[in-house]
Structure formats: C-alpha cells, structure tokens
Amino acid sequence: MMDNTLLQLPYGRLLAHHPHVRDFFSAFRLPAMAQDQSISDLLTHLTSDELEDLGLDRAQFVEQFFAFMEQIDTLKRHRDIRVGCVTVMGGRNKDGTPEDVRLELRAGEVISVVGPTGAGKSMLLADIESLAQGDTPSGRRILVDGNTPDEAQRLSGEHRLVAQLSQNMNFVMDLSVREFLEMHAQSRLVDNIDAIVEQILTTAICLAGEPFGPDTPVTSLSGGQSRALMIADVAGLSASPIVLIDEIENAGVDRRQALNLLVKKEKIVLLATHDPLLALSSSRRVVIRNGGIEAVLETTPQEQALLSRLDVMDTHLASLRHQIRQGNRLNADLPL
C-alpha cells in the first residue's frame, strides 16, 4: 500500500527522492509542475477538458500514480539479484555416454572451459545461459542455489540471471557511448546516472587500451573497444549474477583485469578459452571432449607458480604489441 503523503509532497522533494516520477508525468504529457506544487495541487487545478484529454478522472489518476510507484519499488527490489551457487547436473556427450559429474560454480569464482575447437564448450555455456532443464541436446540440468529455476528466471529479460559476452559484439543502435550507457542505467533505475556512466566509461577505456570518448558512436567502436565496454557495463550495471564469456583472449582487452573486475562484483564467471594464462587464472578447468564434461581439474600449486612466469611473458608481449601499434621498430635483441 502506497503512502498518501506522496500526494502532498512538493514536486521538487518528490523528484529528489523518486526521480522516476518524471517519467510518469511525461507519459501523461501533463503541464510542467512548479517545484513547490504537489500532486494534490495539480489535480485540484486540472480542468474538466484536461481530465478528459487524460482519459481519467482524479481518482483513476491517483490509482495510476500509485500503481506506477509500486511497480518501480518492485523493480528496485529485484535490481540486485544474488546467486551463491549454480550447479550443473551432468547430461550426456555426443555418443550418448552419461556425464558422471555434478559441477558447482560459486559466487566470486572464475571457472575456465577448455577443450579442442568443436568439442562442445559453447554448448555448456548455452546450457547455463538458458538454465537448461534436460531440454537441450546435452540433457544437462542447471540448478540455482540448489533449486530448479522457475519460468520467470529462465525466460524473463527483466530478472535474467545470466549475461553472455560472445566473441562478436556488434552494435546496431545509432547511439553514442554515453547515450547507450545512460539508456541502460535508466532501465536499471539507477539514481546517480552521471557518476555510474563516468565510472563505466573510465573502466572500459582502461580495459580496451585504445582510447575512445563518450561521444564516440557505438557502431564505430573496434572489436576490443566493444568487448571492453560490455565487460565494464556488465560489471557496473548488469544485475545478472552469472557471466559467460567466450574466448576473451581474442577481444583485444586486458583480460586479467577484466576477470578481476567481475570477481570483485561477486559474479560467477565461466569462460571458454584456449589461453593458458586465463586457464591457470581460474580456480578450476572444465575439460570438454566429444560434447561432454570429461574432467574437472583443480589448479595446482605448480601451475600457480607457472602462472607468475606466464604473466611476465604476457606483459612483455603486450608491450611489443603496443610498440607495433605505434608504428615503432622492435629491438632485435629481445630477452626471451
């Protein structure tokens, strides 16, 4: 039940606490309200002709206003979805052999999915993305916090649990980067939109390594810039607690920093990769062969020691790539 005192609040105060009220008044194309005018004042001064144009009487208008406010409250309550664990119940491989596996993915954890090209890595991601219930070719079932997901979790875009970043991120909207982020922030009912947009933009540029500005059209972003923007957007705005990434090593982004960013947001991160640096950065590796989960490997202390050496090599290669981009010649006497 909504509080009738909302009808008595000056518009300025109402807007300060409930900025989305502006959308309600815009939808009805009502005359601009003064900062000290309340909704009750507005309704008192509306003429019969103005009410007729609205297609509502005063009581119906109040009813519509409270329904709008209740909907906004509901959306805000569901804005930050938390998932502690996702469980993959084994299905079968391409030959029909059962997968003897129960794989648990926990919040704040990175799991890599490895295997030859065509082995079925993308199928596992697709099963998790759709929260499969034995209704995909693999026959796998996905549980969320130990429970079978309901239809709203599986099908609702509004309460979607999974965000997927594919290898190709192509924009078709004629928007600038800032307009794109502002539109997403508004859809998430974010109050401090300017601060959030600035934070995501700064993060995306840092991840991409290629500068772009808020006025850059999203359709002109490079592949690396597009992927960096979407990773920063998922970390900063997406309510989805599960993030699936397909071959981030091909995106031209700072992949280690991208993973650290998502982990800090307590996302469950699953990535298909051929990159040893990423594979060893994850706590476990899911080995896919012939469409099925063949093994789940814990990262050993020896592999973690190797990771530090790979990190040095990767930093060196990144420096060389930067030199090539700048059109510089490379020193032939390079340390190996």
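Residues numbered from 1 in each chain as written. Predicted model: local features only at pLDDT ≥ 70, side-chain atom pairs only at ≥ 80, totals over all residues. Heavy atoms only, no water.

Here we look at the pattern of salt bridges
Charged atoms that come close allow side chains of opposite charge to pair. As a reminder, the rule being used: Whenever a carboxyl oxygen of Asp or Glu lies within 4 Å of a side-chain nitrogen of Lys or Arg, that contact is scored as a salt bridge. Each helix is a run of DSSP H or I of at least 4 residues and each strand a run of E of at least 2, with the numbering of both proceeding from the N terminus. Burial classes: relative accessible area under 20% of the type maximum marks a residue as buried, over 50% as exposed, and values in between as partly exposed (1.4 Å probe, protein chains only).
Inspection of the entire model under this criterion finds 8 salt bridges. A salt bridge links Arg-140 to Glu-99; its shortest N-O distance comes to 2.8 Å. You can see Arg-140 sitting in the loop between helix H6 (121-129) and strand S4 (141-144) and its partner Glu-99 sitting in the loop between strand S1 (85-89) and strand S2 (102-106), a full 41 residues away along the chain. By relative accessible area, Arg-140 is classed as buried at 0%. A salt bridge links Asp-127 to Arg-140, with the shortest nitrogen-to-oxygen separation between them at 2.8 Å. With Asp-127 in helix H6 and Arg-140 in the loop between H6 and S4, the pair connects residues that are 13 residues apart, well separated along the chain. Under the relative-accessibility criterion, Asp-127 is labelled buried at 1%.

As for the packing of helix H10 (residues 223-236) against helix H11 (residues 255-264)
What counts is decided by this rule: Axis definition: a line fitted to C-alpha atoms, limited for helices to the stretch in contact. Angles are taken between N-to-C directions and run from 0 to 180 degrees. For this classification, under 35 degrees means roughly parallel, over 145 means roughly antiparallel, 65 to 115 means roughly perpendicular, and everything else is oblique. Here is the rule for handedness: rotate from the far helix to the near one, and if that takes an anticlockwise turn smaller than a right angle the crossing is left-handed, while a clockwise turn gives right-handed. Here, two residues are considered to be in contact whenever any of their heavy atoms come within 4.5 Å of each other. Think of it as three bins: nonpolar holds Ala, Val, Leu, Ile, Met, Phe, Trp, Tyr, Cys and Pro, charged holds Asp, Glu, Lys and Arg, and polar takes everything else, Gly as well.
The interhelical angle for the contact between H10 and H11, taken along N-to-C directions, is 15°, at an axis separation of 9 Å. As the angle between them shows, H10 and H11 are arranged roughly parallel. With respect to the hand of their crossing, H10 and H11 are arranged in left-handed fashion. Contact with H10, carried on its side by Ile-231, Ala-232, Val-234 and Ala-235, involves Ala-258, Leu-261 and Leu-262 of H11 and no other residues of that element. In terms of residue class, the contact of H10 with H11 is made up of 7 nonpolar, no polar and no charged.

Re the sheet that holds strand S8 (residues 284-289)
Test applied: A strand pair is defined by DSSP finding two or more bridges across the two strands.
Read from one edge to the other, the open sheet built from 6 strands follows the order S5-S6-S7-S3-S8-S9, with strand pairing classed as mixed. Strand pairing shows two members of the sheet lacking a second neighbour, strand S5 (162-165) and strand S9 (292-298), which therefore form its edges. Taking each pair of neighbouring strands and ignoring which way they run, the sheet shows an average axis angle of 20°. Judged from the 4 bridges that link them, strand S3 (residues 110-114) and S8 form a sheet pairing that is parallel. Pairing of Ser-112 across the sheet is with Arg-285, part of S8. Lying over the sheet, H10 contacts S5 and strand S6 (242-246), oriented at roughly 165° with respect to S5.

Quick look at the side chain of Thr-299
Heads up, the rule is: Polar contact criterion, stated in full: a pair of N or O atoms within 3.5 Å, where within protein one must be able to donate a hydrogen and the other to accept it, and residues adjacent in sequence count only if both atoms are side-chain atoms.
If you trace the backbone, Thr-299 turns up in the loop between S9 and helix H13 (301-325). Judged by relative accessible area, which is 12%, Thr-299 ranks as buried. At 2.7 Å, the side chain of Thr-299 and the backbone oxygen of Ser-282 are in polar contact.

Observations regarding unusual backbone geometry
Apart from glycine, the bulk of residues carry a negative phi angle, and the bulk of peptide bonds sit in the trans form. Its identity is not glycine, yet Leu-131 carries a phi of approximately 50°, on the positive side. Inspection of the secondary structure assignment puts Leu-131 in the loop between H6 and S4. For Asp-145, which is not glycine, the phi torsion reads 50° and is therefore positive. Tracing the backbone shows Asp-145 in the loop between S4 and helix H7 (151-155).

Nothing here speaks to function; it is geometry throughout.
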